[in-house]
Amino acid sequence: MYLVPSVSCHTVIATLMSEGKMKKIAAPLTLAILSLILSLTVIPTAFAEDSINIDMSTVSSDGTGYTYSSNIITITANGSYTITGTSTSKRIKVASGVTADITLSSVGIDVSSGSTCAFDMTGATVDLTLIGDNTLKSGQYYAGLYVPQGALTVTTASTGTLRATGGDGGTGIGSGVSETTGSIAINGGTIIATGTRAAGIGGGYSSDVSSITIAGGDVTATGGEYGAGIGSGGYKACGTILITGGTIHAYGGSDAPGIGCGFSGSGGTITINGGDVHAVGGSGGMGIGTQYGTVSVSIGDGTIEATGGNNSSGIGGGYHISSYGEVTIGSVMIRGGNVTANGGSYSAGIGGSYGGYFCNITIDGGTIIATGNTDGAGIGGGADCTVEGSIIINGGNITAKGGHAAAGIGGGGGKDRDYSHCGDITITGGEITAQGGLYAAGIGGGGGNYGSECGTITITGASTIVNATGDTALGGYDIGSGHKFSYMTTIDSGTLKVDGGATVNYHQGGSNSSKQYVTCIIGGTGAGSEAGIYYYGQKVNGVIDMSDPGTGKLCGTGYTYAASSVSIGTAGTYAVINTTATNRLAVAGGVTANITMRDVSIDVNEISGACAFDTTGATVNLTLVGDNTLKSGSGCAGLQVPDGAALTILSASTGTLNVTGGENGAGIGGGSGSSGGSITMNGGEITATGGPNGAGIGGGSGGSCNTVIVSSQVVTYGGANGAGIG
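It should be emphasised that the depicted structure is a prediction, and the values quoted were computed from it without experimental measurement. (Residues numbered from 1 in each chain as written. Predicted model: local features only at pLDDT ≥ 70, side-chain atom pairs only at ≥ 80, totals over all residues. Heavy atoms only, no water.)

Turning to the environment of T190, a few remarks are in order. In this structure, T190 sits in strand β15 (residues 190-196). According to the relative accessible area criterion, T190 is partly exposed, its value standing at 27%. Sequence-wise, T190 and T159 are 31 residues apart; in three dimensions their C-alpha atoms are separated by 7.5 Å. Once you skip the residues sitting within four places of it in the chain, T190 turns out to touch L130, G160, T161, L162 and D218. (Helix = DSSP H or I, 4+ residues; strand = E, 2+ residues; numbered from the N terminus. Buried < 20%, exposed > 50% of the residue type's maximum accessible area, 1.4 Å probe, protein only. Contact = heavy atoms within 4.5 Å.)

Following the criterion strictly, the structure yields one disulfide and no others. Note on cysteine connectivity: C611 is disulfide-linked to C636, with sulfurs 2.4 Å apart. On the S-S bond that ties C611 to C636, the torsion sits near -80 degrees, and the link is left-handed. Highlighted residues: C611 in the loop between β58 (592-603) and β59 (613-614) and C636 in the loop between β61 (627-631) and β62 (639-640), separated in sequence by 25 residues. C636 sits in the buried class, given a relative accessible area of 6%. (Disulfide = S-S within 2.5 Å.)

Quick look at the sheet that holds strand β55 (residues 565-568) now. Taken together, the seven strands give an open sheet; going across it, the order is β54-β55-β57-β59-β62-β65-β68, and neighbouring strands pair in mixed fashion. Here the strands that pair on one side only, and so sit at the sheet edges, are β54 (559-562) and β68 (697-698). The pairing of β54 with β55 spans four bridges and is classified as antiparallel. Bridge pairing in β55 places Y559 opposite I568. (Pairing = 2+ DSSP bridges.)

Okay, the environment of P549 next. Counting through the fold element by element, P549 comes out in the loop between β53 (542-545) and β54. We classify P549 as buried; its relative accessible area is 8%. Sequence separation between P549 and N583 is 34 residues, and the spatial gap between their C-alpha atoms is 8.5 Å. What P549 contacts, discounting residues up to four positions off in sequence, is Y561, V566 and N583.

This brings us to the packing of aromatic side chains. Evaluation of the coordinates by the stated rule reveals ten aromatic pairs. Centroid distance Y226 to Y235: 6.0 Å. Interplanar angle 80 degrees. Geometry classified as edge-to-face. The interplanar angle of 55 degrees and the centroid separation of 5.0 Å between the aromatic rings of Y517 and Y534 together place this pair among those described as tilted. Linking Y517 in strand β49 (residues 514-517) with Y534 in strand β51 (residues 532-535), this pair joins segments that are 17 residues apart in sequence. Like Y517, the residue Y534 is buried in the burial classification. Linked through ring pairs, Y205, Y226, Y235, F263 and Y292 together constitute an aromatic cluster. Positioned above the aromatic ring of Y205, the side-chain terminus of R197 is 4.8 Å from the ring centre. (Phe/Tyr/Trp six-rings, centres within 6.5 Å; stacked < 30°, edge-to-face > 60°. Lys NZ or Arg CZ within 6 Å of the ring centre and 35° of its normal.)

It is characteristic of soluble globular proteins that their nonpolar side chains tend to be buried jointly. With 103 residues, the main nonpolar core has I102, L128, I173 and I201 as its most contacted residues. Apart from residues lying up to four places away in sequence, I201 is in contact with I173, I184, I186, I191, A193, I212, V219, A221, G229, I230 and G231. Within the second largest apolar cluster, 38 residues are counted, among which are M546, C555, V587 and L622. (Core = buried A, V, L, I, M, F, W, Y, C linked by side-chain atoms within 4.5 Å.)

This next bit is on the pairing of strand β11 (residues 151-154). On β11, burial follows the alternation: L152 and V154 on one face are buried, whereas A151 and T153 on the facing-out side are not. Relative to β11, strand β8 (residues 125-131) is paired through four bridges, and the arrangement is parallel. Opposite T125, over in β11, you have A151 as the bridge partner. Two strands pair when backbone bridges link them, and β11 and strand β14 (residues 180-186) are joined in this way by four bridges, in the parallel orientation. Within the sheet, the bridge partner assigned to A151 lies in β14 and is S183.

Two faces, one strand: in a regular strand the side chains alternate between the faces of the sheet. Alternating residues of strand β42 (residues 456-459) divide into I457 and I459, all buried, and T456 and T458, none buried. In the sheet, strand β39 (residues 425-427) pairs with β42 via three bridges, with the strands oriented parallel. Directly across from T426, in β42, lies its bridge partner T458. As paired strands, β42 and strand β47 (residues 495-498) are joined by four bridges and run parallel to one another. Counterpart to T458 in the pairing with β47 is K497.

Here the structure, examined in full by the defined rule, presents three salt bridges. Residue D168 pairs with R197 through a salt bridge whose shortest N-O separation is 2.9 Å. With D168 in strand β12 (residues 161-168) and R197 in the loop between β15 and β16 (201-202), this pair connects stretches of sequence that are 29 residues apart. A salt bridge links E530 to K515; its shortest N-O distance comes to 3.5 Å. (Salt bridge = Lys/Arg side-chain N within 4 Å of Asp/Glu carboxyl O.)

So this is what it looks like as structure tokens:
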């Protein structure tokens, strides 16, 4: 609204004349000034509409834009209204189809003793601004602020408080019994909403929800029996719930969540992308989610604390079993934010509740602390929880702690039945710390009377760090199965695959799974003899990247890098990878090294005296994978194996090796003036070309051949004046 002071044109003319200036102003200019003044006086009537005031304490008849009859003030026209005063008999109604801006200023309406509604906006669109302390209390079957259809928005201009309480079957803000709630948006103010056998905000008894959006304000919502704090009443869908800001405290009634679908309600999405959210389930209710239905939970940002009630998880997607026995599960997706989830008794922090099915869980980011209660995993299943979903972790900083007999990540405990299972777990990123409870694994199966078996656990990703601690003293493993303490036997330990440069640290007793360590780091005090670096399934001292030696997560130890030369000085097993035109490789004299070359190219033929690969005085067992090339500078063999050195190319080689010596150097063997050493070729495809005056395999210029044993596919070319082999 734009307000322009209304100024009389006569006053301006009089002022000009009094100053003796009237005759100096040209006629056209005078007319322009007068036209402007006249137009300014019209602006307020076009854009500034005064609010209509209604005093609840004194109203007794119709007024502009509203009627009054039988203690009901009905707003019948679009416009702005300010309502004040208190009453225990009068109430407010906004007619269907009306769009109104309404300000409640210290209003108190309490009609809770009957079956009437304090504020009814069925089918209307209302922008509500709160000033001062306001109270709305309705009677049986009605919400305190009744929105069964239409759209309510609490504005950002709200500085006051609304305490809204529904009668039996009614929400604080939302619908009554067996109907669909309209659209509710809260952007400001302080809201305290309490339902009775209904949600605090959302659906009444057996009523579902269209949409609830909270972007600001301080909101406390408490559901009654079967009703969510924010969401639906019992048996119905919670619709679309979106939270992007504000401070929210949501408390579920018995058998209902803090945020989500009420008892046995199914269907809807819960999205939290901001705000400070505290959700507490009632006895038998999740913190966020639904218990005997399905829902999709998505968290992208904000600070979230979710606590499950008895037998319920902190955050879960729930499950539903059709009359035909078909099982449908919900989902939990966490992309960011700071999330703390605590399970109630026998339930997971994030995942399954007691005796149910755990949902699909995906974590892409965020800082997460998930703690299970007795027999409940930190992330995964509750007690006696049957697998239907999977656990996928792609990133984030995650701490998961299982309760008694439950895994940190994986299966819950087998409390009463022999079907608490772990399912499949995939971790591709993030930093994860998982600790199992008594008898349970850090990641994998739980323990208990029956225990829980472990599925397939896959851990990959160069940035992935997993710290796992199981209760190995009582039969659990860091990664693997839990322990059946009633029968004193372990159960299916599943399969573990670690690849892609991931790091897994065992802190107690390692893993009893069928293990595949591909490319990874295994460490921790519980790793024992398995500790080390693995590259394509081979345990190595280090992975030497010839393009940038001494760097990378898998670089390991046992070699040095200086003056463009990598020197292996410790006996052991090494993997060599990548391409260079400056760096070269050497094994120190007296060292025995097992080396796998995988798609290596070392081309230093432009550097005089540079050996691509020098084994002088060493013993080298070489495995070839992929296509490998070695080219040396003048005076050196392509792969230098002089007298006193020993090279064996192993039968496990599946790749190729193409070597070219520099001037006076062999392809494989001695350099200038040097005889070849002991050379045995049992595998791979080798092409060896000597430089001028050097053999393909054997001695360099002036040198002789020593021992050459060939039982693989070899092609040799002697340089000018050099033999193929000799």
